[in-house]
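Structural description and commentary
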Amino acid sequence: MLRIAIVGGGTAGAASALFLARAGHQVTLFERVAQPTAVGAGILLQPTGMHVLAALGLLDTILEHGARNDRLFGTTAGGRTVLDVHYRHHDPQSFGLGLHRGALFSVLWQAVQIAGIAVRSATDITRIQQSGGKTLLFSRDPAPGSVEAAAGEFDCAVIADGTRSQLRAALAIPQKVTPYPWGALWALVPDDGLTQGGLRQWFRHAHQMLGLMPTGFAYKQMERPILSLFWSLRADRLQHWQEQGLEAWKKSVLELAPVATVLQHIQSPEQLTFARYADVQMRHWHDARVVCIGDCAHATSPQLGQGANLALVDAMTLAACFAEAPVVEQALALYSQRRRTHLRYYQGASKLLTPFFQSDSRIASTLRDIALGPLCGMPIARQQMAMTLSGSKTGWLFGKLRQPK
Ligand SMILES: Cc1cc2nc3c(=O)[nH]c(=O)nc-3n(C[C@H](O)[C@H](O)[C@H](O)COP(=O)(O)OP(=O)(O)OC[C@H]3O[C@@H](n4cnc5c(N)ncnc54)[C@H](O)[C@@H]3O)c2cc1C
């Protein structure tokens, strides 16, 4: 049995706490927020992520809260098909699940509580020190003016503190963090059934994108289905968007897509939240007795809808590595080795695709509009696209993720 510290109670941290506690380790989960609550937009849970939740015994509850998305369908403002990917082209049984991020968070946290895992909330981990085979954590109360104090001694630490990790940079791992110039405004609105069965997108070149995704239900609020709305926006244009006002924005949206019934639910700009992304690249993810997982280790743009899924696969793989390798350092090195092909593929694919969907490049959007629609109709290409979307590719030509049982 190992004493394992996990920093961050998001998807990656909570899921790995559950797997590691179940394997008999003594887990302490540190979370900066005093009372973590269910916040955020809709995420697309892929078959890979659902496999992990099934292993945790949580999939039935998750399915109750989600909305089945069988297809990703995108057109230009003029109606030309840009993207038409069906999950069934990868596997007849598979589908994506539109899910409120808060529902995923709440289901995981409830399971953490039921499992009796030690949680130290309102604890901001500021530093991790490794010496003599020990891993020491230091923390600070988030209240202003508080001083750093020892948070405990462990056999190893799992860093799952998200894209803006403040612990990653101190590790002896070559790494690069690049903020994206683009982000997205998102809102949750009542789902009146406009986009039955799938995620719908409309594009004007690569500088405008509206996305609508059936998202299921907020946690335990099963009477009112919800829809996630995403509007692509370059970060340095946010102020202009604010100055323009809501009516001007609605006008540009309606010029792109016939979604008046959706827009009637948005009455004030405060209903839209701006999210920014960053690209995190690390040569590997372990440094002796410390390992990075989730967005902290490999955040990408959300184009491929993989963030939460990669985090869930990380958590399950990490527990499998601890079960296989008796020495902590070996288990964490094995983890980096096991995750390499899957993470490299999705980081590469996200990086390659993003300029075709979020940029000012007319060349990229013209190429996309000419080539991608016809490719979606070709059997091999559409099968590869569906496999990419479902989260199970580990290489550009061959390679399929083998998930632990
Ligand atoms: C608008 C938007 C849309 C998205 N859409 C999708 C999608 O369609 N599909 C998908 O799979 N993913 C999507 N994602 C990404 C997905 O939500 C994340 O990839 C996923 O939740 C990864 O979780 P994580 O646990 O690594 O990080 P996070 O969820 O960021 O969790 C990190 C946690 O660490 C805590 N923390 C941070 N620093 C410290 C510290 N020093 N000490 C203690 N605690 C700390 C934070 O409070 C937080 O609770 C989207 C994200 C956004 C913003």
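Residues numbered from 1 in each chain as written. Predicted model: local features only at pLDDT ≥ 70, side-chain atom pairs only at ≥ 80, totals over all residues. Heavy atoms only, no water.

Here the focus is the packing of aromatic side chains. Where two aromatic rings form a pair, the distance of their centres and the angle of their planes describe that pair. Inspection of the entire model under this criterion finds 7 aromatic pairs. Judged by centre distance (5.4 Å) and plane angle (55°), the ring pair of F203 and F357 falls under tilted. Taken together, the residues F203 in strand 14 (residues 198–204) and F357 in helix 10 (residues 328–357) connect sequence positions 154 residues apart. Judged by relative accessible area, F357 falls into the buried class, the value being 7%. Pairing Y345 with W396 gives two aromatic rings, centres 4.9 Å apart and planes at 65°, and the pair type is edge-to-face. Taken as a pair, Y345 in helix 10 and W396 in the segment after helix 12 (379–389) lie far apart in primary sequence, 51 residues in all. By relative accessible area, Y345 is classed as buried at 6%. Pairwise contacts between aromatic rings join W231, W241 and W249 into one cluster. Across the ring face of F138, the terminal group of R127 is positioned such that the distance to the ring centre comes to 4.1 Å. Of note, R368 hangs over the ring of F203, and the distance from its end group to the ring centre comes to 4.8 Å. (Phe/Tyr/Trp six-rings, centres within 6.5 Å; stacked < 30°, edge-to-face > 60°. Helix = DSSP H or I, 4+ residues; strand = E, 2+ residues; numbered from the N terminus. Buried < 20%, exposed > 50% of the residue type's maximum accessible area, 1.4 Å probe, protein only. Lys NZ or Arg CZ within 6 Å of the ring centre and 35° of its normal.)

Membership of the largest hydrophobic core comes to 83 residues, with the highest contact counts inside it found for L53, I62, L108, I128, L137, L318 and F322. Those residues in contact with L53 that lie beyond four places of it in its chain are L45, L58, L59, I62, L104, L108 and L312. (Core = buried A, V, L, I, M, F, W, Y, C linked by side-chain atoms within 4.5 Å. Contact = heavy atoms within 4.5 Å.)

In this section: unusual backbone geometry. At A122, a position not held by glycine, the phi torsion is positive, near 55°. One can find A122 in the loop between strand 8 (118–120) and strand 9 (124–131). A positive phi is found at H205, a non-glycine position, where the angle reads about 50°.

This part covers the pattern of salt bridges. It is possible for side chains of opposite charge to pair when their charged atoms get near one another. If you walk through the whole model with that rule in mind, you get 15 salt bridges. A salt bridge links D70 to R68; its shortest N-O distance comes to 2.9 Å. Overall, the relative accessible area of 29% leaves D70 in the partly exposed class. Under the relative-accessibility criterion, R68 is labelled partly exposed at 43%. Here D314 and R339 are joined by a salt bridge, their closest N and O atoms 2.7 Å apart. Placement of D314 in helix 9 (residues 307–324) and of R339 in helix 10 is noted, with a sequence separation of 25 residues between them. Of the residues examined, R339 reaches a relative accessible area of 1% and is grouped as buried. (Salt bridge = Lys/Arg side-chain N within 4 Å of Asp/Glu carboxyl O.)

So, on to the site of the ligand. Taken together, 31 residues lie near the ligand, and E31, R101, D124, D295 and A308 sit nearest. One of the backbone nitrogen or oxygen atoms of D295 is found 2.8 Å away from an oxygen atom of the ligand. For the ligand, the accessible surface in isolation is 1000 Å², of which the surrounding protein chains cover 86%. Listed by contribution, the elements that provide at least two residues to the shell around the ligand are helix 1 (11–22), strand 3 (42–45), strand 9, strand 17 (273–282) and helix 9. Residue classes in the shell around the ligand are distributed as 12 nonpolar, 13 polar and 6 charged. (Near = heavy atom within 4 Å. Polar contact = N/O pair within 3.5 Å; in protein donor to acceptor, adjacent residues only side chain to side chain. Areas by Shrake-Rupley, 256 points an atom, 1.4 Å probe, with all protein chains shown as cover. Nonpolar A, V, L, I, M, F, W, Y, C, P; charged D, E, K, R; others polar.)

Sheet architecture is open: 3 strands sit in the order 3-7-4, paired in antiparallel fashion. Each having just a single partner strand, strand 3 and strand 4 (67–69) make up the two edges of the open sheet. Neighbour-to-neighbour, the strand axes of this sheet turn through a mean angle of 35°, independent of strand direction. The pairing of strand 3 with strand 7 (residues 96–100) spans 4 bridges and is classified as antiparallel. Counterpart to L45 in the pairing with strand 7 is L97. (Pairing = 2+ DSSP bridges. Axes fitted to C-alpha atoms, helices over the stretch in contact; angles between N-to-C directions.)

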